[in-house]
Amino acid sequence: MQRGIGHLPGGCQRTMGLHCVLILCFFSGWAVGYKQGDNVTLYVNKVGPYHNPQETYHFYTLPVCRPEKVHHKSLSLGEVLDGDRMAESIYHIRFKENVEKKTLCQLTLSEKQVDQLREAIEELYYFEFVLDDIPIWGFVGYIEESGFLPHSHKVGLWTHLDFNIEYNGDSVIFANVSVKDVKPVPLEEGAGAAVGGVGVGGGSVKVTHTYSVHWFDSTLPHSRRGERLRDYSFFPKTLEIHWLSIINSLVLVVLLLGFVIIILMRVLKNDFARYNVEEEGGCDDLDQGDNGWKIIHTDVFRFPPYKSLLCAVLGVGAQFLTLATAIIVMALLGMFNVHRHGAINSAAIVLYALTSCVSGYVSCSFYTQINGQRWVWNIILTSSLFSAPLFLTWSVVNSIHWWSGSTQALPATTVLLLLGAWILVGFPLTVIGGIVGKNRAGSFQAPCRTRNIPRQIPTQPWYKHAAVHMAIGGFLPFSAISVELYYIFATVWGREHYTLYGILLCVFAILLSVGACISVALTYFLLSGEDYRWWWRSVLSTGSTGLFIFVYSVFYYRNRSSMSGLVQSTEFFGYSLLTALVFSLMLGSVSFWSSLAFIRYIYRSLKMD
């Protein structure tokens, strides 16, 4: 739904923006204690199409019961990034006090408002309320299709909600909303139609909204109430075969790694035995009568072109490796409360700023080792390698959300907050890390000296070309994570709550291990063909996994999701491109350092002066 839904009230953006703070609120929250009759605030949050999770609008953009003055809840940065826009409702809920069919409000709807509600119901709009950090979901209305000739299309509005709340002692455990024993009020097309049996003429209709509240005693302690939410099934569940799929993937990956390691070690053993049989001689005499990777020992450590870009890729890749590892470990330690909206988003923003020093240090340190001279430009390139595409993508996506009136559009104050975090924290830490890395950088430590004149590279067979290596090096790591990737997509772009962080850590370790082993194998095959241009090839071979991930995202969009429309499509493909870039940077960095360590090892193991 586009501008017909309306825009976020002006006070909402100002209030939420001023209360967004860069602090980590990840630990499980303290139980809020209530006494008999205490007010339990119910917040209305957002509405949106059931099949488009990322397309959401403020609840009060619909013609519904609302207070005279809307008061918004103070939100964390992660909640704002998650599209939350919580505002106080006019539902009066008292702790452990039942309510039977209490009138909420009476509304007189214009013909335009009736059409607006019909459009929302036909697009399967659901709403989200929040009570004591517990999300409550329900549909705005009801659609009934019956008959073929004549065809019947009925649209009904739920005007009565039953709130079922579970409690243990003085704390709330769970809450949901039900319309089980309620009949929807029909919304007929055309002006002057009677709604709820009351027609008021002039193209207007009148509806009465009511609600009931029922409290139920529960034996579940507050510390385990997250389990109750995970068992609730308003959204479809798709994670039943998770363990079996991961075990199957793990077995295949272990077999793959075993074959690569065993075969490569046997080949290297034969190479060492053959090369080291020769009489001891100078380093310049070793290329006489030999072929293979030994003959290019005077060129293999020749520094590559585009040094600054290569070092920036390695630095940002190391930063995202640190960031991903930190988030997974924090999740394993239970630092993300399932009831706290946007906790991981907040963690990602803060950790991205704090780990900027890693990218600056790694990039500038290696840039200095390979005789780079423009270290200031290197720091700038490192800082903008990911932040520039991120800002460009976000600008397009946020503009479309703003145009459509979606709550996913960030308020101006939040934008300034994020920009300030990068300017005041992220970029300075990158500069500091770069200066430290430059000052602490040692020598490159090449086992052999490099000749001034490069050796001519022989013609390579087709299976040693870059495109083939990228296809092999990208597909194998992708196959190791393809199963887990589905569940991650279902969590990010769907309704799932991902909680199996132990599996995620195992899959992440498998991904890095496969990337490193495949990179070493492909580098060996490249050197055995007397091609010493391994620097960029090692980055691209395994870094191409990002291309496979983006192709998979297209498959997921078309075949595994029900997403559609300009808003959802732009956001999905924009951030899928960024995800592919992140994986390419991470795996490219792992691939390069693995190849460098391997090359140093094999040339250091030869008997050369």
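For clarity, every value in this text was computed on a predicted model and none was experimentally measured.

## Digging into the overall build of the chain
Line of reasoning, step 1. Scanning the chain from terminus to terminus reveals 15 helices and 12 strands.
Line of reasoning, step 2. Here the chain holds 609 residues, and the buried ones make up 53% of them.
Line of reasoning, step 3. A sequence separation of at least 24 residues applies to 81% of the contacts in the chain between residues at least 6 apart.
Line of reasoning, step 4. Accessible area of the chain: about 28200 Å², with a carbon and sulfur share of 61%.

## Observations concerning the side chain of Asp531
Line of reasoning, step 1. Within the element layout of this structure, Asp531 appears in the loop between helix 12 (501-528) and helix 13 (534-543).
Line of reasoning, step 2. What makes Asp531 buried here is its relative accessible area of 0%.
Line of reasoning, step 3. Among the polar contacts listed, one links the side chain of Asp531 to the side chain of Arg533, at a separation of 3.0 Å.
Line of reasoning, step 4. Not counting residues up to four positions away in its chain, the partners in contact with Asp531 are Ile296, Ile457, Gln460, Leu526 and Arg537.

## What about the packing of helix 11 (residues 466-492) against helix 14 (residues 545-559)?
Line of reasoning, step 1. Interaxial distance between helix 11 and helix 14 falls to 8 Å at its minimum, and their mutual angle equals 40°. Classified by the angle between their axes, helix 11 and helix 14 sit oblique to one another. Helix 14 is crossed by helix 11, and the crossing has right-handed handedness.
Line of reasoning, step 2. In terms of residue class, the contact of helix 11 with helix 14 is built from 15 nonpolar, 5 polar and no charged.

## A few points about a nonpolar patch on the surface
Line of reasoning, step 1. Residues Ile247, Val251, Leu255, Phe259 and Ile263 make up a contiguous nonpolar surface patch of roughly 500 Å² in combined accessible area.
Line of reasoning, step 2. Position of Ile247 relative to the elements: it lies in helix 5 (residues 242-275).
Line of reasoning, step 3. The class of Ile247 is partly exposed, set by a relative accessible area of 47%.

## Examining the environment of Asp115
Line of reasoning, step 1. In this structure, Asp115 sits in helix 3 (residues 111-122).
Line of reasoning, step 2. Remark: the alpha-carbon pair of Asp115 and Glu188, spanning 73 residues in sequence, is separated by 9.1 Å.

## Comments concerning the pattern of salt bridges
Line of reasoning, step 1. Under the defined criterion, the tally for this structure stands at 7 salt bridges.
Line of reasoning, step 2. A salt bridge links Arg225 to Asp132; its shortest N-O distance comes to 3.0 Å. One end of the pair, Arg225, is in helix 4 (residues 225-231); the other, Asp132, is in the loop between strand 5 (125-131) and strand 6 (134-139), with 93 residues separating them in the sequence.
Line of reasoning, step 3. Looking at Arg225, the relative accessible area reads 5%, which means it is buried.
Line of reasoning, step 4. Judged by its relative accessible area of 12%, Asp132 falls in the buried class.
Line of reasoning, step 5. Between Asp299 and Arg455 there is a salt bridge, and its shortest N-O distance comes to 4.0 Å. Note that Asp299 is positioned in the loop between helix 5 and helix 6 (307-332) and Arg455 in the loop between helix 10 (412-440) and helix 11, a separation of 156 residues in sequence.

## Some details on the packing of helix 6 against helix 8 (residues 356-369)
Line of reasoning, step 1. Close contact between helix 6 and helix 8 brings their axes to 7 Å; oriented N to C, the two are set at 145°. Along this stretch, helix 6 crosses helix 8, giving a crossing that reads as right-handed. For the pair helix 6 and helix 8, contact is made by Lys307, Ser308, Cys311, Ala312, Leu314, Gly315, Val316, Ala318, Gln319 and Thr322 and by Ser356, Val358, Ser359, Val362, Ser363, Phe366 and Tyr367, respectively.
Line of reasoning, step 2. Classifying every residue of the contact of helix 6 with helix 8 by side-chain character gives 9 nonpolar, 7 polar and 1 charged.

## Considerations on a negative patch on the surface
Line of reasoning, step 1. A surface patch of like charges, here negative, comprises Glu111, Asp115, Glu119 and Glu123.
Line of reasoning, step 2. Relative to the helices and strands, Glu123 resides in the loop between helix 3 and strand 5.

## Some thoughts on helix 14
Line of reasoning, step 1. Relative to the 21 Å expected for 15 residues at 1.5 Å per residue, helix 14 spans 21 Å between its end C-alpha atoms, a close match to the ideal helical length.
Line of reasoning, step 2. Buried positions along helix 14 lie against helix 11, helix 13 and helix 15 (565-604).

## Details of the sheet that holds strand 10 (residues 171-178)
Line of reasoning, step 1. With mixed pairing, 4 strands are arranged side by side in an open sheet as 4-12-9-10. For this open sheet the edge positions go to strand 4 (99-109) and strand 10, each flanked by a neighbour on one side alone. Averaged over all adjacent pairs, the angle separating strand axes in this sheet is 20°, with direction ignored.
Line of reasoning, step 2. Inspection of the sheet shows strand 4 paired to strand 12 (residues 205-217) by 8 bridges, in the antiparallel sense. Across the sheet, residue Cys105 finds its bridge partner in strand 12, namely His209.
Line of reasoning, step 3. Packing against the sheet, helix 3 makes contact with strand 4 and strand 12, and its axis sits at approximately 125° to strand 4.

## A word on the state of the cysteines
Line of reasoning, step 1. Tallying each qualifying case throughout the model produces 1 disulfide.
Line of reasoning, step 2. Put simply, Cys65 and Cys105 are joined by a disulfide, and their sulfur atoms are 1.7 Å apart. Looking down the S-S bond of the Cys65 and Cys105 bridge, the torsion is -75°, so its handedness is left-handed. Here Cys65, found in the loop between strand 2 (57-58) and helix 2 (77-81), pairs with Cys105, found in strand 4; they are 40 residues apart in sequence, far enough to count as distant. Both residues of the pair, Cys65 and Cys105, belong to the buried class.
Line of reasoning, step 3. In this structure Cys311 is a free cysteine whose sulfur lies 8.5 Å from that of Cys364, the closest cysteine sulfur available.
Line of reasoning, step 4. In this structure Cys311 comes out as buried when scored by relative accessible area, which is 0%.

## Focus on helix 10
Line of reasoning, step 1. Here helix 10 spans 41 Å end to end across 29 residues, near enough to the 42 Å set by a 1.5 Å rise per residue.
Line of reasoning, step 2. Roughly 35° is the biggest bend found in helix 10, and it falls at Trp422.
Line of reasoning, step 3. Regarding helix 10, the residues found buried are Thr414, Ala421, Gly426, Thr430, Gly433, Gly434 and Gly437.

## Comments concerning the pairing of strand 1 (residues 42-49)
Line of reasoning, step 1. The element strand 1 is largely enclosed, with a buried count of 8 among its 8 residues.
Line of reasoning, step 2. For strand 1 and strand 5, the ladder comprises 7 bridges, and the chain directions are antiparallel. Pairing of Lys46 across the sheet is with Glu128, part of strand 5.
Line of reasoning, step 3. Alignment of strand 1 against strand 3 (residues 87-88), held across 2 bridges, turns out to be antiparallel. Opposite Val44, over in strand 3, you have Ala87 as the bridge partner.
Line of reasoning, step 4. As defined by bridge partners, strand 1 adjoins strand 2 across 2 bridges and the pair is classed as antiparallel.

Calculation criteria
Residues numbered from 1 in each chain as written. Predicted model: local features only at pLDDT ≥ 70, side-chain atom pairs only at ≥ 80, totals over all residues. Heavy atoms only, no water. Helix = DSSP H or I, 4+ residues; strand = E, 2+ residues; numbered from the N terminus. Buried < 20%, exposed > 50% of the residue type's maximum accessible area, 1.4 Å probe, protein only. Contact = heavy atoms within 4.5 Å. Areas by Shrake-Rupley, 256 points an atom, 1.4 Å probe, with all protein chains shown as cover. Polar contact = N/O pair within 3.5 Å; in protein donor to acceptor, adjacent residues only side chain to side chain. Axes fitted to C-alpha atoms, helices over the stretch in contact; angles between N-to-C directions. Parallel < 35°, antiparallel > 145°, perpendicular 65-115°, else oblique. Left-handed = near helix turned anticlockwise from the far one by under 90°. Nonpolar A, V, L, I, M, F, W, Y, C, P; charged D, E, K, R; others polar. Patch = residues over 30% accessible without salt bridge, like charges linked within 9 Å, V, L, I, M, F, W, Y side chains within 5 Å. Salt bridge = Lys/Arg side-chain N within 4 Å of Asp/Glu carboxyl O. Lys, Arg positive; Asp, Glu negative; His and termini not counted. Charge placed at Lys NZ, Arg CZ, Asp CG, Glu CD. Expected span 1.5 Å × (residues − 1). Pairing = 2+ DSSP bridges. Disulfide = S-S within 2.5 Å. Bend = angle between axes of the 7 residues up to and from the residue.

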